[in-house]
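Chain and residue survey
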Amino acid sequence: MKITDFKIPTRLDEALAALRDLGPAALPVAGATSLVFIPEDQPMTAVDLNRLGLDGIRRDGDAFRIGAATRVAALQKRHEPGWVLDRVALTLSSQQIRNESTLGGNICRVFPWSDFPAALLALGAGLVIRGAQEKEMTADEFFSSQPARLFRGGDLLTHIRVPAVGAGAGFGYKKVRQTATGFSLATAAACLQLDGGGIRSARAALSAAVPFPARCAAVEAALAGKKASEGLLREAALNGLSGLKFKEAEGMSAEYIGRLAAVTLGDALVEAWAQAKEQAS
Amino acid sequence: MSTTRTITFTLNGKKRDFQIAPGELLVKLLRRSGLTGTKEGCDEGTCGACTVNVDGRAVLSCIMPAFLAHGRNVVTIEGVGDFDRVHPIQQALVDAGAVQCGYCTPGLVMSAKAMFEENPAASDEDIRVHTDGNLCRCTGYEKIWTALRNVRDANKPAQA
Ligand SMILES: Cc1cc2nc3c(=O)[nH]c(=O)nc-3n(C[C@H](O)[C@H](O)[C@H](O)COP(=O)(O)OP(=O)(O)OC[C@H]3O[C@@H](n4cnc5c(N)ncnc54)[C@H](O)[C@@H]3O)c2cc1C
Ligand code: FES
Ligand code: FES
């Protein structure tokens, strides 16, 4: 990315006006850690999003409201009942990247290795966008294709609403890397809501192994209404991904990555089940 | 056309103006300003040699545009210690034999400094997590972790 000018607004309306004025030459910048991955071509004016009061996390009823410019390290270092994003944050690259990268930056332009899209899909998060008006969309809508499409007109993601994982519910997050801070080969996230010993609802999502982060509908359908067991969870993951297209990676065939994704999703489901049992009401 | 812009930030305790190209990276600005203690290894955010502290956070100066430092408080290894005023983290690394070629050391010290400022009682696990972005080709890490555990233990209030 070729930055030929920058603006440092201190109010949201000021930032939105600057983005509208600049049009396609504007580049919103939060942690700026993605610039190294974007080839230099067009001259861009960077608009700093770090001084708009868009950071911070607060409990809001049954959910957490997270400012888009909240650092991944702040997610990593929060620990309280219902909060599960610390587990996702801890796996994201290195501490320096976690210190600088923001949750908004991680999801507004999705890379194959991005950690939060799968987690937010599994959690059923809501995304709040501000332009002329404020609108909220579901994670399914937001991640239906590259979210960068939503921000070309100068809008900004302002915050993310993440449901607390409460009584009878559990969350699991797993990824496979070749080195501790390396890019993921397969990333899986899962949420289970138990009803006694049965599964009332299941949400599962994959990224890295597939072309774009996505829910795993067949896995979810195979679990809903069933009596939970480790065997059932692993079987659903192994059988439920056959319709998906997998990528090759670093000398590994698409078939192998598919198998890896299924095992990883099975692990995430088992982790979610363990937490759900612990939180049984 | 890019033009030069002026930004202001506190560098190792002194507030200063800097003329920068808008897209200039912080590591380039620091090194051309004579502060060559901050190292460049990979230049792509994967090795940690370029770590500096911005408002107390350990960040990678090789991928951080300098303009993001405007109005902030930047500390580099030169602001931490020197041969005649060695910082306790530096001394602990020397004492544990955790410095060989030394190329990773400035970045490592900046990661450790940010960690201990936030949490002087960092656990063994915290130490590993907060140094996971500092690659060292020489030491095998054990001596680094020993040194940082020693810093942590020395931070503990003396037992009565
Ligand atoms: C070496 C390296 C390894 C990494 N490994 C991983 C990894 O394993 N897993 C992982 O998840 N991430 C990883 N990352 C981080 C990831 O690649 C992204 O760079 C990062 O998450 C982006 O966050 P940011 O705050 O720095 O965003 P920026 O770089 O500032 O912005 C990212 C994009 O989002 C847009 N944007 C930012 N905020 C908003 C907003 N509020 N509204 C609208 N648009 C916005 C920007 O215009 C830009 O297009 C790694 C980064 C590096 C450098
Ligand atoms: S030089 Fe910055 S991380 Fe390697
Ligand atoms: S001492 Fe040589 S790289 Fe760490």
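Structure: above.
Residues numbered from 1 in each chain as written. Chains lettered and ligands numbered in written order. Predicted model: local features only at pLDDT ≥ 70, side-chain atom pairs only at ≥ 80, totals over all residues. Heavy atoms only, no water.

A short note on the overall build of chain B
Helix and strand counts for chain B come out as five helices and five strands. Walking chain B from its N terminus toward its C terminus, one meets helices and strands in the order β-β-α-β-β-β-α-α-α-α. For 160 residues, the compact-globule formula gives about 15 Å, and the C-alpha radius of gyration of chain B, at 16 Å, lands near that figure. In terms of overall dimensions, chain B has a C-alpha envelope of 60 × 35 × 30 Å along the principal axes. For chain B, long-range pairs separated by at least 24 residues make up 53% of all intrachain contacts whose partners lie at least 6 apart in sequence. Approximately 7600 Å² of chain B is accessible, and the part contributed by carbon and sulfur atoms is 51%. (Helix = DSSP H or I, 4+ residues; strand = E, 2+ residues; numbered from the N terminus. Rg over C-alpha atoms; globule rule 2.2 N^0.38 Å. Contact = heavy atoms within 4.5 Å. Areas by Shrake-Rupley, 256 points an atom, 1.4 Å probe, with all protein chains shown as cover.)

Regarding the sheet that holds strand S4 (residues 57-60) of chain B
Residues and elements named next belong to chain B. Across the sheet, which stays open at both edges, the five strands sit in the order S2-S1-S5-S3-S4 with mixed pairing between neighbours. Whereas interior strands pair on both sides, the edge strands pair on one side only; in this sheet they are strand S2 (14-20) and S4. Geometrically, the sheet is characterised by an average inter-axis angle of 40° between neighbouring strands, direction not taken into account. When strand S1 (residues 5-11) meets S2, the two strands line up antiparallel, connected through seven bridges. Looking at the pairing, isoleucine 7 lines up with phenylalanine 18 of S2. Contacts from helix H3 (residues 105-118) reach strand S3 (51-54), S4 and strand S5 (73-75) within the one sheet, and its direction differs from that of S3 by about 30°. (Pairing = 2+ DSSP bridges. Axes fitted to C-alpha atoms, helices over the stretch in contact; angles between N-to-C directions.)

Section: the nonpolar core
All names here are of chain A. Ile66, Ile107, Phe116, Phe142, Leu157, Ile160 and Phe171 are the most contacted members of the largest nonpolar core, which has 47 residues in total. Here this core takes seven residues from helix H6 (residues 116-123), the largest share from any one element. The contact partners of leucine 157, leaving out residues within four places of it in the chain, are Leu54, Ala68, Gly104, Ile107, Cys108, Leu127, Val128, Ile129, Phe142 and Phe151. Listed in part, the 34 residues of the second largest apolar core include Ala190, Leu206, Val219 and Ile257. (Core = buried A, V, L, I, M, F, W, Y, C linked by side-chain atoms within 4.5 Å. Buried < 20%, exposed > 50% of the residue type's maximum accessible area, 1.4 Å probe, protein only.)

Looking at the layout of surface pockets
All names here are of chain B. In this structure, the second largest pocket spans a volume of roughly 360 Å³. Surrounding the second largest pocket, 15 residues form its lining, Ile77, Gly81, Asp82, Phe83 and Gln90 being those nearest its centre. The set of elements that each furnish at least two residues to the lining of the second largest pocket consists of helix H2 (88-95) and H3. Ranked by residues supplied to the lining of the second largest pocket, first place goes to H3 with three residues. The residue inventory of the lining of the second largest pocket, partitioned by class, reads seven nonpolar, five polar and three charged. Shared between two domains, the lining of the second largest pocket takes at least three residues from each, and those domains are domain 1 (5-79) and domain 2 (88-154). (1 Å grid on protein atoms, 1.4 Å probe; cavity = no way out; pocket = protein on both sides within 12 Å on 5 of 7 lines; lining within 4 Å. Points joined across faces, edges and corners; volume = space filled by probe spheres on them. Nonpolar A, V, L, I, M, F, W, Y, C, P; charged D, E, K, R; others polar. Domains from an automatic or database assignment.)

Some points on the environment of Lys247(A)
All names here are of chain A. Within the fold, lysine 247 resides in the loop between helix H9 (230-239) and helix H10 (254-278). Taking C-alpha positions, lysine 247 is 15 Å from lysine 175, a pair spaced 72 residues apart along the chain. Filtering out sequence-adjacent residues up to four positions away, lysine 247 remains in contact with Pro112, Ala208, Ala209, Val210, Pro211, Ser253, Ala254 and Ile257. Polar side-chain contacts of lysine 247 include one of 3.1 Å to the backbone oxygen of alanine 208. (Polar contact = N/O pair within 3.5 Å; in protein donor to acceptor, adjacent residues only side chain to side chain.)

Details of the site of ligand 1
As a structural note, the neighbourhood of ligand 1 is formed by 33 residues, with Pro28(A), Thr33(A), Ser34(A), Thr102(A) and Asp115(A) the closest of them. At ligand 1, the nearby residues belong to more than one chain, namely chains A and B. Contact between ligand 1 and Gly31(A): an oxygen atom at 2.9 Å from a main-chain N or O atom of the residue. For ligand 1, an oxygen atom lies 2.7 Å from a polar atom in the backbone of Asp115(A). Burial of ligand 1 by the surrounding chains reaches 97%, relative to a free accessible area of 980 Å². Tallied by class, residues from the shell around ligand 1 come to 18 nonpolar, 11 polar and four charged. (Near = heavy atom within 4 Å.)

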